[in-house]
Amino acid sequence: MKDIKNFDLKELQGYMLSIGEKPFRAKEIFHAIYKEKQKDFTDITTLPKNLRQKLSEEFYIYALEKVSETNSHDGATKYLFQLRDGLLIETALIRESNKFGRKWNTLCLSTEVGCSLDCQFCATGQMGLIRNLDASEIIEQLMFVDNNIPINNIVFMGMGEPLLNYENVKKSIEILTDTEGRAFGKRKITISTSGIIDKIYRLADQIKMVNLAVSLHAADQTTRDKLMPNLKENPISKLKEALQYYIEKTGNAVTIEYLLIKNVNDSVENALKLVKLISSLKPCKVNLIHFNKVPFAEFSPSQREIEFQKLLLEKNIRATLRKSKGTDISAACGQLVTRNLTNVAKN
Ligand code: SF4
């Protein structure tokens, strides 16, 4: 049995031809799964009965099982999902609103079980990489939540480094944005990467319209190596060139994510180094992120968040201070982890 959500429209049309069906059936299936949110082939009554039967024998539509759902006092929700092989992933829903009463929902999707990059402030990194998610497992996180709660934005910022699972992330975006299906706007999608240089070039050339955020966290190589030791082959100087290319090629702004950690990267000198590094990157903005304590790391939140932001603003760098949501349920940046639970599931 295969997951039908791993097939993009073209592949599904090819499959239809291979079994002697008309290719337009693929559009009907896309419509039924992604627009009508059908969960069972037998309910797709636009298809002839014999085709429904064949599809039921060869494919499944839904595979994720929700293990738990935890709600934060600030409106964030963390979902724990079990994959078909028993492994577990987490997905975070952030409910936001502004002073004008506008509300929107952002879903933070996982792309890997664990992560190979071992960033020193991140709980997921402590798990190591267990495996990449396939496109259907990425897509289904959205479909599951979207069934009840309308999702306005997607951020590839959950467990894992999305650009180290490039092909599956790309395919999931192609399927989710297909106008015959869910038709999610590319402008509503953000890929958040730790800075995988060769894939940033590919992203600029191939996926284009999505937003790009880069977790920099330090503007000098020594501090970055300390915080993100497995990214030494993606040095800051080359990363800057890749971002310049991305901006020129797509016309999109790049967001620099900067976690403020006490006595590590929050001094005046650190701020000035950041200004020097990014002032020629235009358009570009900086998200300063409050550090969320994780049990294994000795780092502490910075006491200089406002001062740091002020310094950037004075140098004409657009900088916002992002308040983390879901910290009380470990759903905020760097807190997603399923290692212990994964072991339970495997045993
Ligand atoms: S911060 Fe992102 S890239 Fe770094 S270990 Fe965590 S999940 Fe991986």
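Residues numbered from 1 in each chain as written. Predicted model: local features only at pLDDT ≥ 70, side-chain atom pairs only at ≥ 80, totals over all residues.

## A closer look at the overall build of the chain
So, point 1. Counting its regular elements, the chain contains 11 helices and 14 strands.
So, point 2. Against the globule reference of 20 Å for 347 residues, the chain gives a C-alpha radius of gyration of 21 Å, in line with a compact fold.
So, point 3. A principal-axis box enclosing the C-alpha atoms of the chain has dimensions of 70 × 45 × 45 Å.
So, point 4. Taken across its 347 residues, the chain has 39% of its residues classed as buried.
So, point 5. At a minimum sequence separation of 6, the contacts of the chain that also span at least 24 residues come to 68%. (Helix = DSSP H or I, 4+ residues; strand = E, 2+ residues; numbered from the N terminus. Rg over C-alpha atoms; globule rule 2.2 N^0.38 Å. Buried ≥ 20, exposed ≤ 12 C-beta atoms within 10 Å, placed from the backbone. Contact = placed C-beta atoms within 7 Å.)

## Overview of the confidence of the model for the chain
So, point 1. Chain-level statistics for the chain give a pLDDT mean of 92 and a share of 93% at 70 or above.
So, point 2. Within the model, the stretch residues 340-347 combines pLDDT values under 50 with nine contacts to residues more than four positions away or in other chains. (pLDDT = per-residue confidence, 0-100.)

## What about the pairing of strand E5 (residues 88-97)?
So, point 1. By the criterion of burial, E5 is predominantly enclosed, with seven of the 10 residues buried.
So, point 2. As paired elements, strand E4 (residues 77-82) and E5 share six bridges and run antiparallel to each other. By the bridge assignment, Tyr 79 is partnered in E5 with Thr 91.
So, point 3. Counted along the chain from E4 to the antiparallel partner E5, the turn is five residues long, and its residue Gly 86 has a positive phi close to 95°.
So, point 4. Pairing analysis gives six bridges linking E5 to strand E6 (residues 103-108), with the strands arranged antiparallel. Following the sheet pairing, Ser 97 is matched in E6 by Lys 103.
So, point 5. Turn length for the E5-E6 hairpin, with the two strands adjacent in sequence and antiparallel, is five residues, and the turn residue Gly 101 shows positive phi of about 90°. (Pairing = 2+ DSSP bridges.)

## A few points about the environment of Glu 69
So, point 1. Along the polypeptide, Glu 69 turns up in strand E3 (residues 65-71).
So, point 2. Counting along the chain gives 11 residues from Glu 69 to Leu 80, while the straight-line C-alpha distance between them is 6.4 Å.
So, point 3. Residues within four places of Glu 69 in sequence aside, it is in contact with Thr 77 and Tyr 79.

## A word on the domain arrangement of the chain
So, point 1. Segmentation of the chain into domains returns domain 1 (2-60) and domain 2 (65-346).
So, point 2. Between domain 1 and domain 2, the residue contacts involve 11 residues of the former and 13 residues of the latter.
So, point 3. Top contributing element to the side of domain 1 that touches domain 2 by residue count: helix H2 (residues 24-35), with five residues.
So, point 4. Of the residues contributing to the side of domain 1 that touches domain 2, the split by class is three nonpolar, two polar and six charged. (Domains from an automatic or database assignment. Nonpolar A, V, L, I, M, F, W, Y, C, P; charged D, E, K, R; others polar.)

## Brief notes about the environment of Arg 52
So, point 1. Along the polypeptide, Arg 52 turns up in helix H3 (residues 49-58).
So, point 2. C-beta crowding within 10 Å serves as the criterion here: with 17 such atoms nearby, Arg 52 is assigned to the partly exposed category.
So, point 3. Sequence separation between Arg 52 and Thr 42 is 10 residues, and the spatial gap between their C-alpha atoms is 5.7 Å.
So, point 4. Residues contacting Arg 52, with those up to four places away along its chain left out, are Phe 41, Thr 42, Ile 44 and Leu 47.

## Quick word on the nonpolar core
So, point 1. The biggest cluster of nonpolar side chains holds 72 residues, and the ones touching the most others in it are Tyr 258 and Leu 260.
So, point 2. The residues contacting Leu 260, other than those within four sequence positions of it, are Asn 265, Asp 266, Leu 288, Ile 289, His 290, Phe 291, Ser 302, Glu 305 and Phe 308.
So, point 3. Counting 10 residues, the second-largest nonpolar core is a separate cluster that includes Phe 7, Tyr 15, Ile 29 and Ala 32. (Core = buried A, V, L, I, M, F, W, Y, C linked by C-beta atoms within 7 Å.)

## Side note on the sheet that holds strand E10 (residues 189-193)
So, point 1. Ordered in space as E3-E4-E5-E6-E9-E10-E11-E12-E13-E14, the 10 strands form an open sheet in which the pairing is mixed. In this open sheet, the two edge strands, each paired with only one partner strand, are E3 and strand E14 (318-322). With strand direction ignored, the average angle separating the axes of adjacent strands in the sheet is 20°. (Axes fitted to C-alpha atoms, helices over the stretch in contact; angles between N-to-C directions.)

## A few points about the environment of Pro 229
So, point 1. Along the chain, Pro 229 falls in the loop between helix H7 (221-227) and helix H8 (236-250).
So, point 2. The class of Pro 229 is partly exposed, set by 13 C-beta atoms lying within 10 Å.
So, point 3. In sequence terms Pro 229 and Leu 51 are 178 residues apart; their C-alpha atoms lie 52 Å from each other.

## Points about H8
So, point 1. In this model H8 runs 21 Å from its N-terminal to its C-terminal C-alpha over 15 residues, within 8% of the 21 Å that 1.5 Å per residue would give.
So, point 2. The complete set of buried residues in H8 reads Leu 239, Ala 242, Leu 243 and Tyr 246. When H8 is viewed along its axis, its buried side chains cluster within an angular range of 100° and face the same direction. Residues of H8 that are exposed and point more than 90 degrees away from the buried face comprise Ser 237, Glu 241 and Glu 248.
So, point 3. Following H8 by one or two positions, Gly 251 adopts a phi angle in the positive range, close to 75°. (Expected span 1.5 Å × (residues − 1). Arc of directions from axis to C-beta.)

## Section: the packing of helix H4 (residues 135-146) against helix H5 (residues 166-177)
So, point 1. Direction vectors running N to C along H4 and H5 enclose 50°, while the axes themselves pass 8 Å from each other. As summarised for this structure, H4 and H5 are arranged oblique, according to the angle between their axes. In the crossing of H4 with H5, the sense of the turn from one axis to the other is right-handed. Taken together, the residues of H5 that come into contact with H4 (itself represented by Ala 135, Ile 138, Ile 139 and Leu 142) are Asn 168, Val 169, Lys 171, Ser 172, Ile 175 and Leu 176.
So, point 2. Classifying every residue of the contact of H4 with H5 by side-chain character gives seven nonpolar, two polar and one charged. (Parallel < 35°, antiparallel > 145°, perpendicular 65-115°, else oblique. Left-handed = near helix turned anticlockwise from the far one by under 90°.)

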